[in-house]
Structures are given as C-alpha cells and as structure tokens.
Amino acid sequence: MSKESEKLHIAVVGGGLVGALNACYLAKRGFEVHVYDLREDIRQLEHVPGRSINLAMSVRGSTALRGVGLEDAIVRDHGIPMESRMIHRPDGSTYAIPYGKKGQCIYSVGRRFLNEALINAAEQYPNVHFHFHHKLVSANLSKGQLTFENLTSKETQETKTDLILGCDGAYSTVRKQMMKMPMFNYSQTYIPTVYMELCIPPDEKGNFKMPENHLHIWPRGQFMMIALPNQDKSWTVTLFMPQEIFDSLDTPSKLIDFFEIHYRDTIPLIGKEKLVKDFFATKPSPMISVKCSPYHVGSTCVIMGDASHAIVPFYGQGMNAGLEDCFIFNQLLDKHDNDLGKVLPEFSQFRNPDAEAICDLAMYNYIEMRDLVNHLSFRLRKKLDDGLHWLLPKRWVPLYTSVTFSRMRYHHCIQNKKWQDEVVSNAVRTIGGLGILAATYCLYTSWMPLKEVLKDYESLLGNMVGPV
Ligand code: FAD
Ligand code: EGU
C-alpha cells in the first residue's frame, strides 16, 4: 500500500448492512473512514424502523462476513439454520422440501443484531468514525463534497472527501445526485404486491410454536406468507398481497374469515386478538425494484447495495448481493493497489451484469410464485432438476442452488439455467417423439412380418441416438 493511499479519506453514506460492512473492510485497509446515517445510533433505540425484521443469509452474505472475521460470531453463533422449506397447504397440512444435501442450509439472522454487530466491529478500528442522526441533503459527487443536516442540532455541515461510498439504500440520495450526471441510466418498478410483518409469539414455555429449522411458506397464488424464526423463539411472518386485497380486509371479521380460508393453521399460532390488533395497527409497505448504471462517478463516488440494485425479496438475495458487493470491491482494491481510478470503473463494469441478473431473477420468481406454485409441470421440473443434481452433482446445478449455495456470478447462473432448459425441452421432445413412434409401430406390427419390424426398429434407433 502506498503512503498516500493510507491516508485516503472515505465517506460512507448509510450505516445499514452494506455501509457498516464496507466500513469494516475499508478500516482494515487503513483508510480514514467516516460513516453517516440519518438514524440515531440503533444501539440506543428501542424500536428500529426498517424493512424486515429478519433475513435469510446464504453463502454470498456469509462469505462476505468471513472476509472481516465476522462469519462465526454472526452466522454460526446467532443464525438459526433452516434445512428445508416447510410448505403449508390451505387445509393446514405440511410437507418439507430440503434445500440441499444434508448440512446445506440457509440461516435466519435478525436484521438489528446483524447491523449492530457490524457497527460494533467497525467501531473497534480507531480510524472509523460514526456520525449518527446526519442526513445527506446534497452533494457534488465529482468534487467529493457532501452536505449533511445534523438532525440533532439542525445545523448544516459540509465536508470534503476522497471517496463517497453511497450505501444509503433503495431510496438513495447519492443515487439521486448521480441521476444529474450525463450517461447515467436508471429505471425503477413498483410491483402491485405489498407486504406486512406479523408475529407468532413463543408458547407458554417459551418455545417455538412451529418446527424451527425451516423456512415456512404458505403459497397461495396471488398472495403468500413466509415465516422466519427469531432468536427469542418467535416467528416473523411476512404477508405478501396485492394492495387491493389489503384494502378489502377492512373489518376484523373479514380478516378472520380470510385467514380461516387461506391461512387457517396460523390463527391459533398468532392468536385471534393479536392478529386483529397487529394487522390494523400497521400499514403494508411497498416493494421497489431499481436498476441503474454505471455505479461510479470518476474516481470519487460509487454506490453499492440497495442504492445500486434494489430487488424484490422473492429470492432472499437483496442483502446477500449487497454484502457480496463489499467483498468484490475489496478484492478490486487489492487487485489495483487502491487505485480508485481503476477500481471504480471496473467495479461498475464487473458488477452491473450480475446485479441486473439477480434483479431479473427475483422479479421472475415473484411472477412464478404467483402463477405457478401448484402447477404439476413446475413441480415435475423441480423434481427432475434435483434428481439430475443428485446424479451429476458437479455438472447439473439447479438455478436456486447456484444462486443460494454458490458464488457463481449471478449472470452465469442465468446462462447455466438456459442450457439446462434446452436439454430438458430436447429430452421432453425426444421422449414424447419416441412414444408416438412406439405407438405407431405397435399398429404396424399387426400387419408387418415380425422380422422386418425388428430390422426397421434397429435402423430407427441408430438414427435417433446419432444426433443426440
Ligand atoms: P439499507 O439496509 O436500506 O440501509 C440504508 C441505510 O442508509 C439506512 O441505515 C438509512 O438510514 C441510511 N440512509 C438513507 N438515506 C440516507 C441519507 N440521505 N443520509 C444518511 N443516511 C441515509 N435480503 C436477503 O438477503 N435475504 C432476505 O431474506 C431478505 N428479505 C427481505 C424481506 C423484505 C420484506 C425486504 C423489503 C427486503 C428483504 N431483503 C432480504 C433485502 C434487504 O433488506 C436489503 O437488500 C438490505 O437491507 C440492503 O442493505 P443496504 O445497506 O444496501 O440498505
Ligand atoms: C421472501 C421474503 C421460497 C424472506 C423463493 C424459496 C423470501 C425470504 C424461494 C422474505 C420462497 C420464495 C429462497 C431462499 C428465500 C425457497 C429461494 C424468500 C427468503 C427460490 C423476510 N428464497 N427467501 N427461493 O427456495 O431461493 O425456499 O422476507 F417462498 S431464501 Cl418466494 Cl433459499
């Protein structure tokens, strides 16, 4: 590391999951790091407003935490392993589908615990400084100038830095500033589905009310529910539905009737009174999907995490992708010896196809979950996929396995899926074709002498096997 780079000043905007992890990585490199967040110090707050209470952590997020030595303390010691999904049918019966081979699992991690652990870890470095209750209001990105409003004193504060790292989430202010730059591409989509978080409290003995090592799912087409376990033995249940259905459930009796039909088994778990109380006390939240490019401005600004790629949560990958951003950025700093003029453009170029790929995959999965959950062909394909993976563990990796249990680049996961689809549809065509031929031959056999049939059959087989 050169002398000059040791003194690099970095302003991280946003002390959420991605901002706090970046602070750890950059502090480790010896940079002078200032983290700004509009929230008060969450370690001193009773309730932290924010999106989702717990998150599914998989290989990408876990690997990124390992890079700053936090994987064990966060994922192994605090995460609750989920070995399979447990599907709940409308009648209350359930069945489990394992995530992978024995021991392969994803982890339910509390958002608040994770964020606090990252802030605590970053604060261990003397060269990291947190500025809570500071809201970024404007910036000159190419000059590295930032203007914050100190929400406590109401004063405006200006600062100059070598690098602005925008980790300020899906509604990023840094990104809003980038939109003023020439050649910046941007698109956003709100999906018609919104979500609300409910809670299944622990039982009287303080235990989990459902088998804990699973991600519970209630797929119902246009709407669905999903539950992740918490450390305190409660469950966070997330209800996803179109806004209109939320609006139509405007009295307690309509709500209970709705749950009786679709989520019957959860009523005694949540408790009728609590369900009514919590449902009418909260407003559902929208979900936004954001794509943009590039992620940098010259050698002075770069955005990461939801600020650069907000995705719908239907692959459990938003945080994982954001933490992976930090990991990759750190690798590029190594590769280019902290030369930001090289690191920033390469980060944009390398990461953009992958961020857009997971954005598309998550959106596609949202549509698939809505439209296909109970279709026989969909479930057969899943079985076939898992079967082939079992037979050819290295050569045939199903899409969700490559996304969740590997660090294969997201856009390669899509390419991988495409050739598999071709193989499957060819196989279906061939098997279907063979069936028709077999039937035709059965008809012929009643008129043709046996010898000729056998001769014909041999040459036909030769033809069929040849081109495959
Ligand atoms: P955030 O966590 O949003 O942090 C941004 C920070 O910036 C905040 O602290 C905010 O206070 C601060 N900030 C914003 N504006 C300013 C400003 N102007 N000045 C100063 N500070 C500012 N991902 C998974 O991997 N697995 C899951 O299971 C999963 N489940 C999800 C379920 C739901 C319902 C939702 C909505 C998302 C889910 N995600 C999941 C995605 C995950 O929540 C996000 O990808 C992740 O939080 C992104 O982290 P971030 O640090 O980029 O942004
Ligand atoms: C949604 C909201 C199950 C947490 C996609 C699976 C999610 C999560 C799935 C939320 C689903 C859906 C996968 C994981 C995960 C599944 C996955 C979705 C965590 C394809 C807190 N999804 N999620 N797929 O496979 O790969 O179990 O809010 F219901 S974890 Cl929608 Cl692996």
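Scope of this entry: the structure provided in the associated data block. (Residues numbered from 1 in each chain as written. Chains lettered and ligands numbered in written order. Predicted model: local features only at pLDDT ≥ 70, side-chain atom pairs only at ≥ 80, totals over all residues. Heavy atoms only, no water.)

Taking 1.5 Å per residue as the helical rise, helix α11 (residues 318-335) with its 18 residues ought to reach 26 Å, and the 26 Å between its terminal C-alpha atoms agrees with that figure. Backbone geometry just downstream of α11 places D337 in the positive-phi region, at approximately 50°. (Helix = DSSP H or I, 4+ residues; strand = E, 2+ residues; numbered from the N terminus. Expected span 1.5 Å × (residues − 1).)

Let us now look at the site of ligand 1. Close to ligand 1 lie 29 residues, the nearest being D37, A56, R111, L136 and D306. Between a nitrogen atom of ligand 1 and a side-chain N or O atom of T173, the distance comes to 3.0 Å. Within the complex, the protein chains bury 90% of what would otherwise be the 1,000 Å² of accessible surface of ligand 1. Every element with two or more residues in the shell around ligand 1 is listed here: α2 (17-28), β2 (32-37), β3 (54-57), β9 (134-140) and α11. Its residues assigned to classes, the shell around ligand 1 comprises 11 nonpolar, 11 polar and seven charged. (Near = heavy atom within 4 Å. Polar contact = N/O pair within 3.5 Å; in protein donor to acceptor, adjacent residues only side chain to side chain. Areas by Shrake-Rupley, 256 points an atom, 1.4 Å probe, with all protein chains shown as cover. Nonpolar A, V, L, I, M, F, W, Y, C, P; charged D, E, K, R; others polar.)

What follows is about a nonpolar patch on the surface. On the surface, a cluster of nonpolar side chains totalling about 400 Å² of accessible area is made up of W390, L391 and L392. With respect to the helices and strands, L392 occurs in the loop between α13 (376-391) and α14 (399-404). On the basis of relative accessibility, which here comes to 41%, the residue L392 falls in the partly exposed class. (Patch = residues over 30% accessible without salt bridge, like charges linked within 9 Å, V, L, I, M, F, W, Y side chains within 5 Å. Salt bridge = Lys/Arg side-chain N within 4 Å of Asp/Glu carboxyl O. Buried < 20%, exposed > 50% of the residue type's maximum accessible area, 1.4 Å probe, protein only.)

On to the packing of helix α3 (residues 59-66) against helix α4 (residues 71-78). Axis separation between α3 and α4 bottoms out at 8 Å; the angle between their running directions is 140°. When the interaxial angle is binned, α3 and α4 end up oblique. Each of S62, L65 and R66 in α3 lies in contact with α4, whose residues at this interface are E71, I74 and V75. Its residues assigned to classes, the contact of α3 with α4 shows three nonpolar, one polar and two charged. (Axes fitted to C-alpha atoms, helices over the stretch in contact; angles between N-to-C directions. Parallel < 35°, antiparallel > 145°, perpendicular 65-115°, else oblique. Contact = heavy atoms within 4.5 Å.)

Further remarks concern the sheet that holds strand β7 (residues 106-110). Pairing in this open sheet of three strands is antiparallel, and the strands run β3-β7-β4 from one edge to the other. With partners counted over all chains shown, the strands left at the sheet margins are β3 and β4 (80-82), one partner each. Averaged over all pairs of adjacent strands, the angle between strand axes in this sheet comes to 30°, irrespective of strand direction. In this structure, β3 lies alongside β7, joined through four bridges in antiparallel fashion. Along β7, the bridge assignment pairs A56 with S108. Packed onto the sheet, α4 meets β3, β4 and β7 and runs at close to 105° relative to β7. (Pairing = 2+ DSSP bridges.)

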